[in-house]
Amino acid sequence: MTNRDLHPKPVFALVDVNNFYVSCERVFDPRLLGKPVIVLSNNDGCAVSRSNEAKALGIKMGAPWFQLKDLARQHGVVALSSNYTLYGDMSRRVMTLLADMAPRQEIYSIDECFLDLTGSRDCLTYGQSIRYRVRRWTGLPVCVGIASTKTLAKLANHCAKKRPGFDGVCDFGDLPVDDYERLLADIHVSAVWGIGRKLSERLAVMGIDTVRDLRDADTATLRARFGVVVERTVRELRGESCLELEELQAVRQGVTTSRSFGEEVTRIEGLKEAVSSYTATAAAKLRSDGTEASAILVFAHTNPFKNTPQISRQTLVSFATPTDDTFALCRYAMQGVSRIWVDGYRYKKAGVMMSQITPKNRHQASLFENPFETAKRDRLNTTMDRLNLRYGRGTLALAGAGIQKDWKLKSEHRSPAYTTRWDELPVAR
C-alpha cells in the first residue's frame, strides 16, 4: 500500500534549482565542477551561495569573505562576485521552460516555482523528466518535490535535496505509508515551510520536535499560541490544501533599490549619481510590473561598523500624478537627496523605495498633463528598457548617474555576462 491516497487531488510540484548562483556559474565554466565554489554578496561581502563542496568545508551561509580567505587558500575555494544579470537571465529560461511542462505555474522565487500536476498518473516519472529537460536545455540541476499541498511539496523538495536515495525527485504520494511516517518522524520541524529556527524552539517547549509531531499536534492549541498561520500549516501537513496556486502576482506595495558603495561617498554629487542610478533601476521595475508610483522614499546612511561619525536620514517625496517615467522620478529623487544631505559624513549606503504603487492601466490623467508628451516619454522609456535588456543593464543610462562611478559596488571576481552581452558570449574552441 502506498501513500497515494493522501493526495488524490490536487497535486503540486515544487521545482528548485540546486545552489542556484553557483550552478549558473558552472554552466559556463566547467572548470568549477567538483571544486568548492562560493558566490559573494554585494561588494564581495559574504557568501550567499555555496556549492556542496564548499558546504562540506563548513562554510556557512552569510559567512564574511574576509574571514574565509585563509580557508579559501588552503582548500582552493573559488570565490565569485554576484552576477545578477546572468542569474536573472538563467532564471527566466528555467521558468519559461517549466511553464510549458504544466497547465499552471506559480513562480515563487528566482530559483523555484510550483507546478500543477493534478491529473498526472505517474508523477515520479514526470518529475524525473522535468529534471532531465531542465538539465539538458539549460545545464542547471534541479530537484522536484511532489505532494498534495504546497507545504508538503516544499518538504518533499527538501527530502529530494538532502536524501540521495530519492535521486532528486521525492513524491510523497508514491511512498508506502509506513515509510512516509518514518520519514516525517526523522525530519526536524524547522524544515517545514514557514516554521524556521525561532518558532521551532518555541514548539520544542511543547514537545514538538519533528514534522510528524507538528502534524499530529492539536490545532486549537497551536492556533491559540501561534495564530492562524501555524494552524494552516498543520492542516497542509495533514494533506488539506489551504494554499492555492497564485498564477498572477499581486501588485507590489513597494519597489526598493539600494546598494552599499564600493567607496564611501563624501560629496553630494556622488550621492546624487548613485541615487539617480538606483531610481532608474526602480523605474524600470515599475514599468516591467505595469505599475506607477506616487511617492519615492530616498535614504542614505554611514557605515555603522566603523568608529566614525554616524548619520542615517530619509525623506519621502510625494507627487500629485503617479508615474513610471525615469526622468520624472529622478527629478523627485534629487529633491530627496538635497533634503537628506549633511556635509562632513562618509556615506556607505543609499537607496530609493517607490511607494503608493497603483496599476498603470488605472491611471487618471490630470488637467495639466499633456497626453502627447506623456506618450512620447513612454516610447523613450520603453526604448531604454529594450536596449538595456538586449545589451545589458546600464547600456543606456541618464547622464546624472555619472561616468566614473567611484561609488560603484566592488565586484573583483565577477564572471562575464555570458548570455546578455555579445562581446562576452562563451566561445567553443
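I will try to describe carefully the structure that is included in this document. Please read these numbers as outputs of a predicted model, since none were measured by experiment.

What about the sheet that holds strand E12 (residues 347-359)?
Thought 1: Overall, antiparallel pairing links the 4 strands, which are arranged E9-E12-E10-E11 in an open sheet. Looking at strand neighbours, the two that pair on one side only are strand E9 (255-265) and strand E11 (312-323), the edges of this open sheet. Strand-to-strand twist in this sheet, taken as the mean axis angle between neighbours without regard to direction, amounts to 15°.
Thought 2: Across 7 bridges, E9 lies against E12 in antiparallel orientation. Looking at E12, one finds that serine 260 is bridged to lysine 349.
Thought 3: Those strands touched by helix H12 (residues 268-289) are E9, strand E10 (291-302), E11 and E12, and its axis lies near 155° from that of E9.
Thought 4: The strands touched by helix H13 (residues 326-340) are E10, E11 and E12; relative to E11, the strand with the most contacts, the crossing angle is about 150°.

Section: the sheet that holds strand E7 (residues 142-147)
Thought 1: One open sheet accounts for 5 strands, arranged E5-E6-E1-E7-E8; its pairing is mixed. For this open sheet the edge positions go to strand E5 (105-109) and strand E8 (169-171), each flanked by a neighbour on one side alone. Going across the sheet, the axis of each strand differs from the next one's by a mean of 15°, ignoring polarity.
Thought 2: In this sheet, strand E6 (residues 112-116) lies alongside strand E1 (residues 12-17) in antiparallel orientation, the contact comprising 5 bridges. Directly across from aspartate 16, in E6, lies its bridge partner glutamate 112.
Thought 3: Lying over the sheet, helix H4 (residues 84-99) contacts E1, E5 and E6, oriented at roughly 155° with respect to E5.

Concerning the environment of leucine 316
Thought 1: Take leucine 316: it is sitting in strand E11.
Thought 2: Its relative accessible area of 41% is what places leucine 316 among the partly exposed residues.
Thought 3: Separated by 53 residues in the primary sequence, leucine 316 and glutamate 369 have C-alpha atoms spaced 23 Å apart.

Here's the deal with the pairing of E10
Thought 1: Counting buried positions along E10 gives 11 out of 12 residues, so the element sits mostly inside the fold.
Thought 2: Two elements, E10 and E12, share 11 bridges in a ladder whose sense is antiparallel. Looking across to E12, one finds that isoleucine 296 is bridged to methionine 354.

Quick look at helix H7 (residues 177-185)
Thought 1: Burial in H7 covers these residues: Tyr180, Leu183 and Leu184. Looking down the long axis of H7, one finds its buried residues gathered within 95° of arc, a one-sided arrangement. With respect to the buried face of H7, the exposed residues turned more than 90 degrees away are Asp178 and Arg182.
Thought 2: Elements in contact with the buried residues of H7: helix H6 (150-162), helix H9 (211-215) and helix H11 (228-237).

Basis of the calculations
- Residues numbered from 1 in each chain as written.
- Predicted model: local features only at pLDDT ≥ 70, side-chain atom pairs only at ≥ 80, totals over all residues.
- Heavy atoms only, no water.
- Pairing = 2+ DSSP bridges.
- Helix = DSSP H or I, 4+ residues; strand = E, 2+ residues; numbered from the N terminus.
- Axes fitted to C-alpha atoms, helices over the stretch in contact; angles between N-to-C directions.
- Contact = heavy atoms within 4.5 Å.
- Buried < 20%, exposed > 50% of the residue type's maximum accessible area, 1.4 Å probe, protein only.
- Arc of directions from axis to C-beta.

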